[in-house]
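An overview of the molecular structure
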Amino acid sequence: MSLSAPWAARRLALGAAMAIGLAAAAAAQPSREFERAELGYLNADLRAEVERRATGGNTPRGVLETILLNNLQLRLPATEVIAVDFLKSTVVYRAPDGALRAARFNPANLTVVE
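These notes cover the structure that comes with them.

**Observations concerning the pairing of strand β3 (residues 100-104)**
Bridge analysis of strand β2 (residues 90-94) against β3 gives 5 bridges, and the strand direction is antiparallel. Pairing of Val92 across the sheet is with Ala102, part of β3. The hairpin turn running from β2 into β3, its antiparallel successor, is 5 residues long, and Gly98 in that turn takes a positive phi close to 95°.

**Some thoughts on the pattern of salt bridges**
A complete count under the given rule lists 7 salt bridges for this structure. The residue Glu35 makes a salt bridge to Arg32 at a minimum N-O spacing of 3.2 Å. Remark: Arg32 and Glu35 occur in helix α2 (residues 32-41); sequence separation between them is 3 residues, near one turn of the helix. Judged by its relative accessible area of 7%, Glu35 falls in the buried class. You can call Arg32 exposed: its relative accessible area is 55%. Residue Asp97 pairs with Arg101 through a salt bridge whose shortest N-O separation is 3.4 Å. You can call Asp97 exposed: its relative accessible area is 54%.

**Structural notes on the packing of helix α3 (residues 44-53) against helix α4 (residues 60-75)**
Running from N to C, α3 and α4 cross one another at 120°; their axes reach a closest spacing of 8 Å. Classified by the angle between their axes, α3 and α4 sit oblique to one another. Between α3 and α4 lies a crossing of right-handed hand. On α4, the residues touching Leu46, Glu49, Val50 and Arg53 of α3 are Pro60, Val63, Leu64, Thr66 and Ile67. Taken together, the residues of the contact of α3 with α4 break down into 6 nonpolar, 1 polar and 2 charged.

**Focus: the packing of aromatic side chains**
On inspection of all chains with the given rule, the structure shows 2 aromatic pairs. Ring centres of Tyr41 and Phe86 lie 5.2 Å apart, and the angle between their planes is 20°; on these two criteria the pair is classed as stacked. Residue Tyr41 is located in helix α2, and its partner Phe86 is located in the loop between β1 (80-85) and β2; the two are separated by 45 residues in the primary sequence. Under the relative-accessibility criterion, Tyr41 is labelled partly exposed at 34%. Centre to centre, the rings of Phe86 and Phe105 are 5.5 Å apart; their planes meet at 90°, and the pair counts as edge-to-face. Linking Phe86 in the loop between β1 and β2 with Phe105 in the segment after β3, this pair joins segments that are 19 residues apart in sequence. Judged by its relative accessible area of 2%, Phe105 falls in the buried class. Cluster of aromatic residues (ring-pair linked, three or more members): Tyr41, Phe86 and Phe105.

**Some thoughts on α4**
Look at α4: 23 Å from first C-alpha to last across 16 residues, which is about the 22 Å you get at 1.5 Å a residue. Buried within α4 we find Pro60, Arg61, Val63, Leu64, Ile67, Leu68, Leu69, Asn71 and Leu72.

**Examining unusual backbone geometry**
Positive phi, close to 50°, is recorded for Ser89, a residue that is not glycine. Among the secondary structure elements, Ser89 is positioned in the loop between β1 and β2. One non-glycine residue, Leu110, lies in the positive phi region at around 65°. Along the chain, the position of Leu110 falls in the segment after β3. Assessed through its relative accessible area of 0%, Leu110 is described here as buried.

What counts, and at which threshold
Per chain, residue numbering runs from 1 following the sequence as it is written. Given that the model is predicted, a residue must reach a pLDDT of at least 70 before its local features are reported, and side-chain atom pairs must reach 80 or more before they are shown or counted; all residues, however, enter totals for whole chains, interfaces and linings. In computing side-chain values, all of the structure's heavy atoms are included and hydrogens and water are not. DSSP-based pairing: two strands are paired if at least 2 bridges between them are found. In this description a helix means any DSSP run of H or I spanning at least four residues, a strand means any run of E spanning at least two, and both kinds are numbered starting from the N terminus. Here, a salt bridge means any Lys or Arg side-chain nitrogen found within 4 Å of an Asp or Glu carboxyl oxygen. A simple rule labels every residue: compare its accessible area, found with a 1.4 Å probe on the protein chains alone, to the largest value its type can have, and call it buried under 20%, exposed over 50%, or partly exposed in between. Working convention: axes come from line fits to C-alpha atoms, limited for helices to the stretch in contact. Angles between N-to-C directions cover 0 to 180 degrees. Angular relationships are summarised with four words: roughly parallel below 35 degrees, roughly antiparallel beyond 145, roughly perpendicular across 65 to 115, and oblique for the angles in between. By the definition used in this description, the sense in which the near helix is turned from the far one sets the handedness, with an anticlockwise turn below a right angle giving left-handed and a clockwise turn giving right-handed. Any two residues whose heavy atoms approach within 4.5 Å are treated as being in contact. Three classes are used: nonpolar for Ala, Val, Leu, Ile, Met, Phe, Trp, Tyr, Cys and Pro, charged for Asp, Glu, Lys and Arg, and polar for all others, with Gly counted as polar. Only rings of Phe, Tyr and Trp enter the pairing, Trp through its six-membered ring, and a pair is recorded when the two centres are within 6.5 Å. The plane angle decides the type: under 30 degrees is stacked, over 60 is edge-to-face, the rest tilted. Multiply 1.5 Å by the residue count of a helix minus one, and that product is the helix's expected span.

Geometric values such as these leave the question of function open.
Following this line, the structure appears as structure tokens:
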């Protein structure tokens, strides 16, 4: 085995890891159509605010999750938004103890109703 074989193996492993990471990041990015559908649930004022704040690397989904987390924290102890389902008006969030919990929200203004 030559000295370059371990380096070649490392490069191959690094390349595979980067490809998997990029594919996962691309899969995690919602499509423009999906973002438009989510924005369609919001009232006009909130939609305008989300679109205004979705700049410089902030995505509309990220802004929505931040607003929803802030609204959650007004009523419930929450540390992170895990998932949002606009059709069911449900948000899954992480509580301070690490447990996952669900709450209902108003999709028009992202306020927590339970």
